[in-house]
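Structure assessment
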Amino acid sequence: MSEIVDIKELNERIQRESAFVDLISIEMNKVIVGQKHLIESLLIGLLSDGHVLLEGLPGLAKTLAINTLAKTVDAGFSRIQFTPDLLPADVIGTMIYSQKKEEFTVKKGPIFNNFVLADEINRAPAKVQSALLEAMQEKQVTIGDQTFKLEKPFLVMATQNPIEQEGTYPLPEAQVDRFMLKTIINYPKKEEEILIVRENIAKKFPEANTILKTEDIIKAREVVKEVYMDEKIEKYIVDIVFATRYPSEYGLPQLKEMISFGGSPRASINLSKAAKAYAFIKRRGYVIPEDVRAVCHDVLRHRIGLTYQAEAENMTSEDVINEILNTVEVP
């Protein structure tokens with residue numbers, strides 16, 4: 001009986017603590033028309049200390065979205081445009097010789113910010129990608145013989161274009177795994193596009209107001225960890241991930257020939273974290289199966305390898321996830 005009371009109390013607390021989510025959404029919606037899923041993905045990344053990879057055609061407000069999010073939080077923001085001639089030092093910084101002091105000093109790069117936008121991450125060579133990805137994973141950067149901790153919160157949002165594959169360096173599977181979510185962005189609806197045009201030709205383009213400090217985000221992250229997750233939900237998450245590895249055991253023998261590799265334990269961890277953050281965004285103190293299903297595509301999309309046979313049959317990782325979600329027993 002005490003647990004029921006606890007859940008009720010926790011639920012009320014989460015409702016109080018998550019009030020700012022609505023405020024962020026209101027501020028972002030002033031600038032970004034539609035793209036509800038994109039805003040949710042960014043909030044999930046921010047609240048569960050994960051990084052987000054966005055894939056979408058040019059002009060779909062990918063850069064504008066993270067710019068706006070950084071404005072709503074009183075935090076440092078930097079944008080790195082990835083190009084084939086970029087060097088790791090352009091991202092993390094380098095040692096510079098000072099003639100006045102007669103010694104080397106560290107000049108920090110744009111990665112030393114709370115929000116980092118890595119624009120078109122697949123345009124830069126592997127050396128640069130790995131410098132960024134190491135910083136994302138370790139939350140620290142080594143320049144020369146000095147190691148610097150990165151400020152909290154630290155959120156990398158990387159974008160990549162699905163078109164023009166010439167002259168790009170696709171992220172290796174092992175590196176893509178470092179991103180908590182991979183979100184696909186689609187074209188806006190007709191009525192949304194009319195609003196977008198209206199905003200852009202108006203005298204003044206709307207701007208988001210700053211409503212939070214970085215400490216508020218760090219505090220909110222601790223509250224998100226407290227969101228209650230039942231053992232049945234934990235089992236459901238693990239079942240989904242195991243179904244990507246051993247589909248035959250879950251009554252999906254047809255997927256065995258389609259999947260070359262399934263989700264790693266990072267998939268299970270990130271699915272749990274994202275489901276908790278999603279419940280928090282929905283102002284609930286406990287996770288329900290719908291939360292898991294809502295974030296499942298973004299968490300697993302880039303963690304399932306497909307065989308040549310799957311590609312020959314035009315099967316995508318989306319199709320695989322859909323079949324798994326339709327088959328694995330919901331608690």
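Just above, that's the structure.
Cut-offs and rules
Residues numbered from 1 in each chain as written. Predicted model: local features only at pLDDT ≥ 70, side-chain atom pairs only at ≥ 80, totals over all residues. Heavy atoms only, no water. Axes fitted to C-alpha atoms, helices over the stretch in contact; angles between N-to-C directions. Helix = DSSP H or I, 4+ residues; strand = E, 2+ residues; numbered from the N terminus. Parallel < 35°, antiparallel > 145°, perpendicular 65-115°, else oblique. Left-handed = near helix turned anticlockwise from the far one by under 90°. Contact = heavy atoms within 4.5 Å. Buried < 20%, exposed > 50% of the residue type's maximum accessible area, 1.4 Å probe, protein only. Pairing = 2+ DSSP bridges. Nonpolar A, V, L, I, M, F, W, Y, C, P; charged D, E, K, R; others polar. Core = buried A, V, L, I, M, F, W, Y, C linked by side-chain atoms within 4.5 Å.

**Some thoughts on the packing of helix H3 (residues 36-47) against helix H4 (residues 62-72)**
At a closest axis distance of 11 Å, the pairing of H3 and H4 adopts a crossing angle of 50 degrees. Comparing the axis directions of H3 and H4 gives the class oblique. In this structure, the crossing between H3 and H4 has a hand that is right-handed. Contacts between H3 and H4 involve Leu-38, Leu-42 and Leu-46 from the first element and Ala-65, Ile-66 and Leu-69 from the second.

**Some details on unusual backbone geometry**
With an omega of -15 degrees, the peptide bond running from Lys-152 to Pro-153 counts as cis. Positionally, Pro-153 belongs in the loop between strand S8 (146-149) and strand S9 (155-160). Positive phi, close to 60 degrees, is recorded for Asp-49, a residue that is not glycine. With respect to the helices and strands, the residue Asp-49 is situated in the loop between H3 and strand S1 (52-55). Look at Asp-49 and you get partly exposed, because its relative accessible area is 32%. Phi at Glu-120 takes a positive value of approximately 50 degrees, unusual for a residue other than glycine.

**Let's talk about the sheet that holds strand S6 (residues 115-119)**
In space, the 5 strands of this open sheet follow the order S3-S6-S9-S1-S10, with parallel pairing throughout. At either end of the open sheet lies a strand with only one pairing partner, and these are strand S3 (77-81) and strand S10 (181-184). Going from strand to strand, the sheet's axes swing by 20 degrees on average, the running direction of each strand aside. Looking at chain direction, S1 and S9 are connected through 4 bridges and run parallel. Each residue of the ladder has a partner; that of Glu-55, found in S9, is Gln-160.

**Comments concerning the packing of helix H12 (residues 289-300) against helix H14 (residues 317-327)**
Helix-helix packing: each pair is described by the crossing angle between the helix axes and the interaxial distance. Contact geometry of H12 with H14 gives a least axis separation of 10 Å together with a crossing angle of 145 degrees. When you trace H12 past H14, the crossing you get is right-handed. Of the residues in H14, those touching H12 at Arg-293, Cys-296, His-297 and Leu-300 are Glu-318, Ile-321, Asn-322, Leu-325 and Asn-326. Of the residues contributing to the contact of H12 with H14, the split by class is 4 nonpolar, 3 polar and 2 charged.

**Re the environment of Ile-24**
For Ile-24, the position within the fold is in helix H2 (residues 19-31). Along the primary structure Ile-24 and Leu-212 are separated by 188 residues, whereas in three dimensions their C-alpha atoms are 8.6 Å apart. The contact partners of Ile-24, leaving out residues within four places of it in the chain, are Leu-43, Leu-69, Thr-72, Ile-211 and Leu-212.

**A closer look at the nonpolar core**
The biggest cluster of nonpolar side chains holds 71 residues, and the ones touching the most others in it are Ile-240, Leu-271, Phe-280 and Val-292. Of the residues forming this core, the biggest block, 9 residues, is contributed by helix H11 (residues 265-281). Those residues in contact with Leu-271 that sit more than four places away from it in its chain are Ile-237, Ile-240, Val-241, Val-292, Val-295, Cys-296 and Val-299. Core analysis: the next-biggest nonpolar cluster, separate from the first, contains 28 residues, Leu-53, Ile-92, Leu-133 and Val-176 among them.

**Regarding the environment of Tyr-169**
Note on placement: Tyr-169 falls in the loop between S9 and helix H7 (173-176). Using a relative accessible area of 35% as the deciding quantity, one classes Tyr-169 as partly exposed. Along the chain, Tyr-169 and Leu-87 lie 82 residues apart, while their C-alpha atoms are 14 Å from each other.

**Regarding the pairing of strand S7 (residues 140-143)**
Where burial is concerned, the two faces of S7 differ: the one with Val-141 and Ile-143 is buried and the one with Gln-140 and Thr-142 is not. One ladder, built from 4 bridges, connects S7 with S8; its direction is antiparallel. Along S8, the bridge assignment pairs Val-141 with Phe-148. The antiparallel pairing of S7 with S8 creates a hairpin that spans 2 residues between the two strands, and Gly-144 there sits at a positive phi of about 65 degrees.

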